Amino acid sequence: MKITVIGTGYLGAVHAACMARIGHEVLGVDSNPDRVSALAAGKPPFFEPGLDDLLSETLATGRLRFSSSLAEAAEFGEAHFLCVGTPQSTTSNAADLRYVKAAVSDLAPRLTRPCTVIGKSTVPVGTAQQLAERLRASAPAGDQVQLVWNPEFLREGFAIADTLEPDRIVIGTESPAGIAVMRELYEPMLAAGTPFISTDFATAELVKVAANAFLATKISFINAMAEVCEATGADVTQLAEAIGHDDRIGSKFLRAGLGFGGGCLPKDIRAFMARAGELRVDQALTFLREVDEINLRRRRHAVDLARICLDGHLAGRRIACLGAAFKPNSDDVRDSPALDVAAALQVEGANVRVYDPKAAEAGARDYPTLGFTATLDEALEQADLIMVLTEWEEFRAMDPTDVGRIVKRPAIIDARNCLDPQLWREAGWHYRGFGRP
Ligand code: UGA
């Protein structure tokens, strides 16, 4: 099919390349001309494993192109995917829908032929219904333009695999015609046996936020257990392993540590609470406030532990902060717990040096006063304390004896519980994990 992907951020760029990979003719559209020219030259504007190769491969087939013209998109597409961002509003916990609304308002008057508009952005329940009405009212093709809501569940770092081999496809639609289009679009995935759930708009919108709320709750649950473990001398990593063997609980998303960040889980649970408030069911989601609070408490805990490790004084002490991205294999620093901690340490007077294999540039843009180093060794040099804040493989692979020769004091806080405590202690290090004795 001839499809367009409107918005080429972490979601849209990957979606466009993957749709071209499975045989569609794809036009990626973005209002940012620099992004368009980078993508057209096969250069992803962010780091996502495998995306550079996939872009080169699909651009070479001629099935993938990029443009900044919505008029061209409207002319070209039989199906238009909306992949623009819905960040947290700057004035409240609610989602900021301005980009979704602008995309629909700009596209609709240009839709003169029958087509399908497919929303993938994460939106508050009720949005799709409003957008469907807006589309019908302002598209010259009127009722011939149908809206489908098709939430995405990809994880950064695994975005290509999650798009090409999703664990489910969910669509919200008002008509059987919408189901048929989506079946055609995702034919290879459906042929491979991917579960396909077709429902109404509201359920599809809610599936997305419910899934993220559940994942956030699972992480905060294990982090709450970590707090109890810390008070009792128990080990949360063993506790997680033991409860994870129960199939009903499962071992995934039970890694205790610095907690969740990124452009999705934090803002999605807040937007969900805000929407519940508007719907007068805020009590149903009050527990998410606690989930958020437990999560943010982990960041403060990291700063407290640093202070304890440095005998009560952070001012003037050199701290090597390892990691800036919100998780490994990504250069995304949106709501990054790592950078939050680094900035808080700096505010208390510590001499902070941050190293990240991929996210230094993005980190320096958001936190211009933090010092970023080009190499791991530069960050470690003469450090009074090391803090592992993102579990990159480069940090997991550190040799405690080699690192011991570079730092000033052998003290390390493993805020992601990604190192082997025994190995580090045997090499003479003062090791502190999160929720571990
Ligand atoms: C998340 C969801 O996992 C995706 O399913 C969803 O599609 C996506 O949000 C979205 O809404 O677009 P993502 O933000 O890429 O994906 O990252 P996750 O792998 O979910 O990790 C989120 C955060 O939780 C990270 O900061 C990670 O370090 C943290 N985390 C994860 C833990 O602290 N412990 C865990 O056990 C797992």
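Since we're looking at a predicted model, the values are computed, not measured.

Caption draft 1: The sheet that holds strand S13 (residues 411-414), seen in detail. Read from one edge of the open sheet, six strands run S11-S10-S9-S12-S13-S14, paired in parallel fashion. At either end of the open sheet lies a strand with only one pairing partner, and these are strand S11 (371-372) and strand S14 (430-432). Here S13 runs beside S14; their pairing, made up of three bridges, is parallel. Across the sheet, Ile 413 pairs through a bridge with Arg 432, a residue of S14. Against the sheet, helix H13 (residues 286-309) contacts strand S12 (385-388), S13 and S14, and its axis sits at roughly 160 degrees relative to S12. Against the sheet, helix H14 (residues 337-347) touches strand S9 (318-322), strand S10 (351-355), S11 and S12, its axis set at about 160 degrees to S10.

Caption draft 2: Up close: the domain arrangement of the protein chain. Partitioning the protein chain into domains gives domain 1 (2-199) and domain 2 (235-437). Placing the centre of domain 1 and that of domain 2 at their C-alpha centroids yields a distance of 33 Å. Domain 1 puts 17 residues into the contact, and the matching count from domain 2 is 16 residues. Buried surface at the junction of domain 1 and domain 2, summed over both partners, amounts to about 1,400 Å²; 54% is from carbon and sulfur atoms. The three residues of domain 1 that bury the most area against domain 2 are Phe 47, Asn 93 and Glu 156, which together make up 41% of that side's buried surface. Taken together, domain 1 and domain 2 are joined by one salt bridge. A salt bridge links Arg 334 to Glu 156, with the nearest nitrogen and oxygen atoms 3.3 Å apart. There are nine residue pairs in polar contact (both at pLDDT 80 or more) connecting domain 1 and domain 2. Looking at the side of domain 1 that touches domain 2, its residues break down into nine nonpolar, six polar and two charged.

Caption draft 3: Summary view of the packing of aromatic side chains. Scanning the entire structure with this criterion turns up four aromatic pairs. For the cation-ring pair, Arg 155 lies above Phe 158, with the distance from its terminal atom to the ring centre recorded as 4.3 Å.

Caption draft 4: Inspection of the nonpolar core at higher detail. Counting 51 residues, the largest nonpolar core has Leu 322, Leu 345, Ile 386, Met 387 and Met 398 as the members making the most contacts within it. Counting only elements with at least two residues in this core, the list comes to H13, S9, H14, S10, helix H16 (376-380), S12 and S13. When residues no more than four places from it in sequence are discounted, the contact partners of Met 398 are Leu 322, Leu 376, Leu 380, Val 388, Val 403, Ile 412 and Trp 424. Judged by nonpolar contacts, the second largest core, of 37 residues, contains Phe 46, Leu 64, Ile 160 and Met 182.

Caption draft 5: Layout of the site of the ligand. Inspection of the region around the ligand gives 21 residues, with Leu 154, Glu 156, Lys 208, Asn 212 and Arg 255 positioned closest. Between the ligand and the protein, one listed contact pairs an oxygen atom with a backbone N or O atom of Gly 261 at 3.0 Å. For the ligand, whose unbound accessible area comes to 710 Å², protein coverage reaches 95%. Here the element with the most residues in the shell around the ligand is helix H10 (residues 201-232); it accounts for four residues. Each of domain 1 (2-199) and domain 2 (235-437) contributes no fewer than three residues to the shell around the ligand.

Caption draft 6: Here's a closer look at helix H3 (residues 51-61). Residues Leu 51, Leu 54, Leu 55 and Thr 58 constitute the buried set of H3. Looking down the long axis of H3, one finds its buried residues gathered within 100 degrees of arc, a one-sided arrangement. Turned more than 90 degrees away from the buried face of H3 sit Asp 53 and Ala 60, all of them exposed. Where H3 is buried, its residues touch helix H1 (10-21), helix H2 (33-40), strand S3 (64-67) and helix H7 (159-164).

Scoring rules and cut-offs
Residues numbered from 1 in each chain as written. Predicted model: local features only at pLDDT ≥ 70, side-chain atom pairs only at ≥ 80, totals over all residues. Heavy atoms only, no water. Pairing = 2+ DSSP bridges. Helix = DSSP H or I, 4+ residues; strand = E, 2+ residues; numbered from the N terminus. Contact = heavy atoms within 4.5 Å. Axes fitted to C-alpha atoms, helices over the stretch in contact; angles between N-to-C directions. Domains from an automatic or database assignment. Buried area = accessible area lost by both parts, 1.4 Å probe. Salt bridge = Lys/Arg side-chain N within 4 Å of Asp/Glu carboxyl O. Polar contact = N/O pair within 3.5 Å; in protein donor to acceptor, adjacent residues only side chain to side chain. Nonpolar A, V, L, I, M, F, W, Y, C, P; charged D, E, K, R; others polar. Phe/Tyr/Trp six-rings, centres within 6.5 Å; stacked < 30°, edge-to-face > 60°. Lys NZ or Arg CZ within 6 Å of the ring centre and 35° of its normal. Core = buried A, V, L, I, M, F, W, Y, C linked by side-chain atoms within 4.5 Å. Buried < 20%, exposed > 50% of the residue type's maximum accessible area, 1.4 Å probe, protein only. Near = heavy atom within 4 Å. Areas by Shrake-Rupley, 256 points an atom, 1.4 Å probe, with all protein chains shown as cover. Arc of directions from axis to C-beta.

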